[in-house]
Amino acid sequence: MLPGFLGITVFVLLPYLDILLRSFNLNEYNRTPDFENYKIVIANEAFRLAVKNTFYFTGISIPLMVVLSLIIAYGISSYLRNSWLMAGIVLPIMMPVSTLVLLWRTVFSEYGFLNRISGFAEGKGIDWINSKYAMAVLIFSFLWRNMGYAVILWIAGIKSVSVEILQAGKVDGANGFQRFFYIIIPNLKSYFLCIVMLGLVNSLKIYREIYLIAGEYPDEDIYMLQHLFNNWFRDLKVTYLSAGAVIELAFLLTAISMFYIIFKKE
Amino acid sequence: MLKKILKTVSVILILAQIFGCSKKDEEKNITYYREEAVSLPDDIIMFHDMIEMPNGNISILADTKTEIGRIFELNSDTNSWEVKNEKWESLENSVPFDEKFLEEDSGFASVLYNALLAESEEDASSLRPGYFVINKDGVIEELTLDLSEGYESEEYNLFTLMENYNKQLIGADNAQLIYSFDMNGNIKYINKDIKTLNTEIVKMIEIEDLIYTVLDNGEVYCMEPGSGVMAEGNNSVIEYLQCEEEDYTSYSLYKDPAGGKLYKLTKEALYCYDLGKKAEEKLFDTRFYDLKNGNNFQMLVSKDGTVYLSYILSSGEIRMSEYTYDKNGIEVRKEPLTVYSLTENYVLEKLVDAFNVEHPDTIAEVTYGYTSDDGKTKEDAVQLLNTELLSGKGPDIIIMDGLSEESYYSENMLKDLNDIIDEGHMQKIYSNMLHPYSKQEGQYAIPLGFQIYGIIGKKEIVNVFKDTDAFLGMIEAENTDFVISDYNLSESANILYAQNMSKCISDKNVNKENLRELFGYFKRIYDISGNSFGENNKNDSLFEYYETSSMDTAVQWIYYDNLPFVVAPYFNKDSFFAAKYLCDKEGYAQEYVSENGDLVYADKMVVSVSGQSAKDNEISEFLEFILTDGQDIICQSLQMLPSNRDKLSGLLVDQNHQEPYALSEFGYGDNPDMISIYGIPLNQTDFENFEKKLGTAKKQGNTEINVKDIVLKGAGDYCLGDKSLEDAVGNVTNQMVLQFKE
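Residues numbered from 1 in each chain as written. Chains lettered and ligands numbered in written order. Predicted model: local features only at pLDDT ≥ 70, side-chain atom pairs only at ≥ 80, totals over all residues. Heavy atoms only, no water.

1. A few points about the overall build of chain B
- When you go through chain B residue by residue, the secondary structure sums to 22 helices and 39 strands.
- Seen through its C-alpha atoms, chain B measures out along the principal axes to roughly 95 × 80 × 55 Å.
- Among the 742 residues that make up chain B, the fraction classed as buried is 52%.
- A fraction of 60% describes how many contacts in chain B between residues 6 or more apart in sequence connect residues 24 or more apart.
- With the model as given, the accessible surface of chain B reaches about 34900 Å², and the carbon-plus-sulfur share is 44%.
- Within chain B, the 132 negative side-chain charges are centred at a point lying 8 Å from the centre of the 65 positive side-chain charges. (Helix = DSSP H or I, 4+ residues; strand = E, 2+ residues; numbered from the N terminus. Buried < 20%, exposed > 50% of the residue type's maximum accessible area, 1.4 Å probe, protein only. Contact = heavy atoms within 4.5 Å. Areas by Shrake-Rupley, 256 points an atom, 1.4 Å probe, with all protein chains shown as cover. Lys, Arg positive; Asp, Glu negative; His and termini not counted. Charge placed at Lys NZ, Arg CZ, Asp CG, Glu CD.)

2. Considering the overall build of chain A
- Scanning chain A from N- to C-terminus turns up 13 helices and zero strands.
- Reading the helices (α) and strands (β) of chain A from amino to carboxyl end gives α-α-α-α-α-α-α-α-α-α-α-α-α.
- On chain A, roughly 14400 Å² of surface is accessible, and the fraction owed to carbon and sulfur atoms is 69%.
- Taken as two groups, the 21 positive and 18 negative side-chain charges of chain A have centres that lie 8 Å from each other.

3. Regarding the interface of chain A and chain B
- Across the boundary between the two partners, chain A contributes 36 residues, which contact 30 residues of chain B.
- A combined buried area of about 3000 Å² lies between chain A and chain B, and 58% of that area is made up of carbon and sulfur atoms.
- Summed over the three residues of chain A that lose the most area to chain B, namely A:Tyr217, A:Phe233 and A:Leu236, the buried surface amounts to 23% of that side.
- The tally of links from chain A across to chain B stands at two salt bridges.
- Taking the shortest distance from any N to any O, the salt bridge between B:Lys741 and A:Glu220 comes out at 3.9 Å.
- Linking chain A with chain B are nine residue pairs in polar contact (both at pLDDT 80 or more), by the criterion used here.
- When residues of the side of chain A that touches chain B are traced back to their parent elements, those giving at least two are α1 (2-23), α3 (45-78), α12 (225-234) and α13 (238-265) of chain A.
- Considering each element in turn, the side of chain A that touches chain B owes the most residues, ten residues, to α1(A). (Buried area = accessible area lost by both parts, 1.4 Å probe. Salt bridge = Lys/Arg side-chain N within 4 Å of Asp/Glu carboxyl O. Polar contact = N/O pair within 3.5 Å; in protein donor to acceptor, adjacent residues only side chain to side chain.)

4. What to know about the domain arrangement of chain B
All names here are of chain B.
- Domain annotation of chain B identifies domain 1 (249-323), domain 2 (337-449) and domain 3 (451-607 + 639-741).
- One C-alpha centre belongs to domain 2, the other to domain 3, and the line joining them spans 27 Å.
- Taken residue by residue, the interface counts 27 residues in domain 2 and 24 residues in domain 3.
- Interface area, domain 2 with domain 3, both sides summed: about 2200 Å², of which 56% is carbon and sulfur. (Domains from an automatic or database assignment.)

5. Some points on the pairing of strand β24 (residues 337-341) of chain B
All names here are of chain B.
- Counting buried residues along β24, five of its five residues qualify, which places the element largely inside the surrounding structure.
- Side chains Leu337, Val339 and Ser341 project from β24 onto one buried face, and the interleaved Thr338 and Tyr340 project onto a second face that is buried too.
- Relative to strand β25 (residues 364-368), β24 runs parallel, the two sharing five bridges. Among the inter-strand pairings, Tyr340 is bridged to a residue of β25, identified as Thr367.
- Handedness of the β-α-β unit built from β24, helix α5 (residues 346-358) and β25 comes out right-handed.
- When β24 meets strand β26 (residues 397-399), the two strands line up parallel, connected through three bridges. Of the residues in β26, the one forming a bridge with Val339 is Ile397. (Pairing = 2+ DSSP bridges. Right-handed = clockwise from strand over helix to strand, strands pointing away.)

6. Side note on the side chain of B:His48
Residues and elements named next belong to chain B.
- Among the secondary structure elements, His48 is positioned in strand β2 (residues 44-52).
- We classify His48 as buried; its relative accessible area is 4%.
- Beyond its immediate chain neighbours, meaning those up to four positions away, His48 contacts Leu61, Ala62, Asp63, Pro96, Phe97, Asp98, Glu99 and Gln298.

7. Things to note about a nonpolar patch on the surface
- Together, A:Ile8, A:Val10, A:Phe11, A:Val12 and A:Leu13 make up an exposed nonpolar region whose accessible area comes to about 490 Å².
- With respect to the element layout, A:Phe11 can be found in helix α1. (Patch = residues over 30% accessible without salt bridge, like charges linked within 9 Å, V, L, I, M, F, W, Y side chains within 5 Å.)

8. With respect to the packing of α5(B) against helix α17 (residues 616-627) of chain B
Residues and elements named next belong to chain B.
- It is at 10 Å that the axes of α5 and α17 come closest, and there the two elements cross at 115°. The hand of the α5/α17 crossing is right-handed. Between α5, through Leu351, Val352, Ala354, Phe355 and Glu358, and α17, the contact on the second element is made entirely by Glu618, Glu621, Phe622, Phe625 and Ile626.
- Residues belonging to the contact of α5 with α17 are distributed by class as follows: seven nonpolar, no polar and three charged. (Axes fitted to C-alpha atoms, helices over the stretch in contact; angles between N-to-C directions. Left-handed = near helix turned anticlockwise from the far one by under 90°. Nonpolar A, V, L, I, M, F, W, Y, C, P; charged D, E, K, R; others polar.)

9. With respect to the nonpolar core
- Residues B:Phe522 and B:Met736 are the most contacted members of the largest nonpolar core, which totals 108 residues.
- Discounting chain neighbours no more than four positions away, the residues touching B:Phe522 are B:Ala493, B:Leu496, B:Tyr497, B:Phe543, B:Val711, B:Leu712, B:Ala715 and B:Cys719.
- Counting 37 residues, the second largest nonpolar core, distinct from the first, contains A:Tyr74, A:Ile76, A:Ala134 and A:Ile155. (Core = buried A, V, L, I, M, F, W, Y, C linked by side-chain atoms within 4.5 Å.)

10. Overview of the sheet that holds strand β7 (residues 106-112) of chain B
All names here are of chain B.
- The four strands are arranged β6-β7-β8-β9 in an open sheet whose pairing can be described as antiparallel. Of all strands in the sheet, those with a lone pairing partner are β6 (95-103) and β9 (140-143), marking the two edges. Averaged over all pairs of adjacent strands, the angle between strand axes in this sheet comes to 25°, irrespective of strand direction.
- Relative to β9, strand β8 (residues 129-135) is paired through four bridges, and the arrangement is antiparallel. Bridging from a neighbouring strand, Val133 pairs with Glu141 of β9.

11. Brief notes about the sheet that holds strand β15 (residues 210-215) of chain B
All names here are of chain B.
- The strand order across the open sheet built from three strands is β14-β15-β16, with neighbouring strands paired in antiparallel fashion. The sheet is open, and its two borders are formed by β14 (201-207) and β16 (220-223), each paired with just one other strand. With direction set aside, neighbouring strand axes in the sheet form an average angle of 20°.
- Here β14 pairs with β15 via six bridges, running antiparallel. Looking at β15, one finds that Ile201 is bridged to Leu215.

12. Section: the environment of B:Asp396
All names here are of chain B.
- Structurally, Asp396 can be placed in the loop between α6 (378-390) and β26.
- C-alpha separation for the pair Asp396 and Asp616, spaced 220 residues apart in sequence, amounts to 9.3 Å.
- Residues within four places of Asp396 in sequence aside, it is in contact with Pro336, Leu337, Thr338, Ser608, Val609, Ser610, Ser613, Lys615 and Ile619.
- One polar contact links Asp396 to Ser613, side chain to side chain, over a distance of 2.8 Å.

13. Quick look at the pairing of strand β3 (residues 58-64) of chain B
Residues and elements named next belong to chain B.
- By the criterion of burial, β3 is predominantly enclosed, with seven of the seven residues buried.
- Of the two faces of β3, the one carrying Ile58, Ile60, Ala62 and Thr64 and the one carrying Ser59, Leu61 and Asp63 are both buried.
- Taken together, the seven bridges between β2 and β3 define a ladder with antiparallel strand orientation. The residue bridging Ile51 from the neighbouring strand is Ser59, located in β3.
- Hairpin remark: β2 followed by β3, antiparallel, with five residues in the connecting loop; positive phi at Gly56, about 95°.
- For β3 and strand β4 (residues 70-75), the ladder comprises five bridges, and the chain directions are antiparallel. Across the sheet, residue Ile60 finds its bridge partner in β4, namely Phe72.

14. Looking at the pattern of salt bridges
- Inspection of every chain in the model, using the stated rule, returns 30 salt bridges over all chains.
- Where A:Asp18 meets A:Arg22, a salt bridge forms, and the shortest distance between an N and an O atom there is 3.1 Å. Of the two residues, A:Asp18 and A:Arg22 are both situated in helix α1; the distance of four residues between them amounts to about one turn of the helix.
- Exposure remark for A:Asp18: the relative accessible area of 22% places this residue in the partly exposed category.
- One salt-bridge network, in which partners are shared between bridges, spans A:Glu45, A:Glu220 and B:Lys741.

15. Structural notes on helix α11 (residues 207-214) of chain A
Residues and elements named next belong to chain A.
- Of the residues making up α11, those classed as buried are Tyr207, Glu209, Ile210, Ile213 and Ala214. Taken around the axis of α11, the buried residues stretch over an arc of 160°, which confines them to a single face.
- On its buried face, α11 is in contact with α5 (97-108), α7 (134-160), α10 (189-204) and α12.
- Directly after α11, the chain includes Gly215, whose backbone phi takes a positive value near 80°. (Arc of directions from axis to C-beta.)

16. Considerations on the environment of B:Leu712
Residue and element names in this part refer to chain B.
- Take Leu712: it is sitting in helix α21 (residues 705-719).
- Expressed as a C-alpha distance, the spacing of Leu712 and Gly402, which sit 310 residues apart in the sequence, is 16 Å.
- Apart from the residues within four sequence positions on either side, Leu712 is in contact with Tyr497, Phe522, Phe543 and Tyr546.

Shown next as structure tokens:
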């Protein structure tokens, strides 16, 4: 346990402590913490826009992912037990981000596949990634890439539900719909927690795709917290970056803690 | 117990982080080879080869100002050079390409035979390389080498001798064919294998009866010297000889005559490979010696193990040094002064080389953020630089071109240069050029150079240049072919940007109306250019190739095509001279890009000092150098004008020579009629008038790379029809607004 603990201390806790100190302007010359950076960051328009977009993206994509993957998982586990199908669902996770970016450019650019099949003449189509539909494209990309592992986890959860309970429910007259909602779902809480946590972490990684497709300054609708942090790092606004990172972590920890408390109570 | 240990370790680590135990001690380096300069004979202009004589003296084969192919021997008793050969009179009118020792008293020379006797173009075009075996007694023997299988144009094909093996002359031609000739010039064989590999030969050396040919693609080709047939070489030798592509300018090999050791010089170090023991040893690190600034190395290792190296510095000076082993070791200079530039900068390299020659006790090194062949992007380079700076391991001096100096200043990453540089040096720089980098009475950067933008053309066009709409209207009305074409489209866009962009942004607010107008101007010049890019030749960045050539080159189109105007930056003296000639003698007019009556300039090579650097003395030396003697290098660079008032005056003004003279010649096609571009130096009055404008000039705004890139990219999308005007302007506005909000 010691090596692991040392590793976490050196590579996680200590750097985080450094960020925390910087966010309060604490250094060898200043021993008095101040909240100036936090005030500036919270008042910063770019930060507010990024937070809004990040919340919006996370708030839509994770519930969608949870629900859709659950439906697919139930369908697969109940009716379509096929290992090839399972492999196909997991395939997007293994795709490198650069390949994915190439794929989306092929599909969503103004000369792309989507414009062609939707009837736009070449060159007059919509640049989906740089339009008001950018967020929809992003959510689609996230779902396409991340549903696989959620489906796998749901399937594992569904299969862990005791067969006897299901049969008992059937005997008691519950139909498929009722068995799903009143027997299966309540038994999937821990899997739900795990999928949401992983989804939350993966939702933050969407930055890579956006950056590769649209650069440092994408369409306003898909300007995320990571864009801001990346640009602040480029401009050496480390204290703002630190404050922003602490705020983001505080939100994440709060959200995770809330989930944990809710599910632990139940 | 374990828990206590863990707690203690954690606390120690946390405290160490808080109190900053990451301070770097100054490092000292030890080397075991002592470097001493060897003074060369007077008047040497080219150093070709060296050899150790049977008596242990060193002989060199070199050209002087008046004679080629002189053999000098260094008398070890008197420590003086003695000429050892008779003059080769039949070669006295030839221009040498290369000379090599074959043995102690004979050599091989390739020359452009009787080149100095050519009096006409016809004579010059009939010159051919000549090959000779040359002897100490003055006798020369011409070899007729048949190189017809090589390069298509025989007159340009040159045989380079690389190895003399058992009286066989083995070498290669321009087409990378390997030839072997006997001492009478008869071909023994031709090896065409290298030609098929599409690479170039770096060096050739004979080792244990095989010829190893080092290629610039990193491979080593092996063949039998007698037959030219490919052979399988010794793998460990091959591995030792392999050369990284970027290394080959410094790459040199030497095999001791006894055949036991093989020496290899690369950019990093001198190595020795023991052929018997099959062991490699690093003898010394080149960065501790003067030779690290050199190129075109010749190497010799004498029987007593002394290493002799000759090289040429970037200033053209030829040097020779000897390196002798000292078992006690020598403490060498500390870590080098690192000078960082985001992109490759030839002027900076010359400045650093010149500084190192003048200050041998202080090593300065140039490091680049990214280069054209390292696969990195600008974003990668900036991230790495910032990471290094934040971790305390950043460079000492930073060239701010392409970086956001405001960011580095506001994060206290830069030092106040007033504490480092003498006030007298600062006062020689135009104060308005220093002003953008002055904050709270501190000076945190200095621009070493600058450029301005302008137009030369017919008076009626130049008179309306300041009003872009009227200017473009006049060009459209003229309807002259090629007045804006794909050759100058980017430059024209760059000038429009310089002239109009400040109206589009004010106080970090984007004026969409003016931005639409600017995009309209871009579209108009694109239309004038004839849409030469068209549907089939789309370019992601339509306007990306700007500031590639100065006004003195741009005026070619006035001379050649009689264009009504040209627009270009001025970044060398010839631009001003060419403009003065056209205005004074040919009736043209000129105007500079200005804003609200003030000249607009862009600065170059903005130098700042990292706040973390502790090398104050070395930095002070370096900055003083670049603000004094270094300004001469900037003047010679042809890539920027010096920001030093005295140097600029010295560069542009020549009161005593006010007659036109040819600055350069140009011509197009296979056999062009060459056209001269004329220029007249400025006189004192011209300079004073110009300086009045320069003294109040404003730094071009919105030159942050991100902003310019975004605008030009968006304009390109609009011009090519990829986006409508509203979409293009909207996109660009959103991106800029985001940037300003940050």
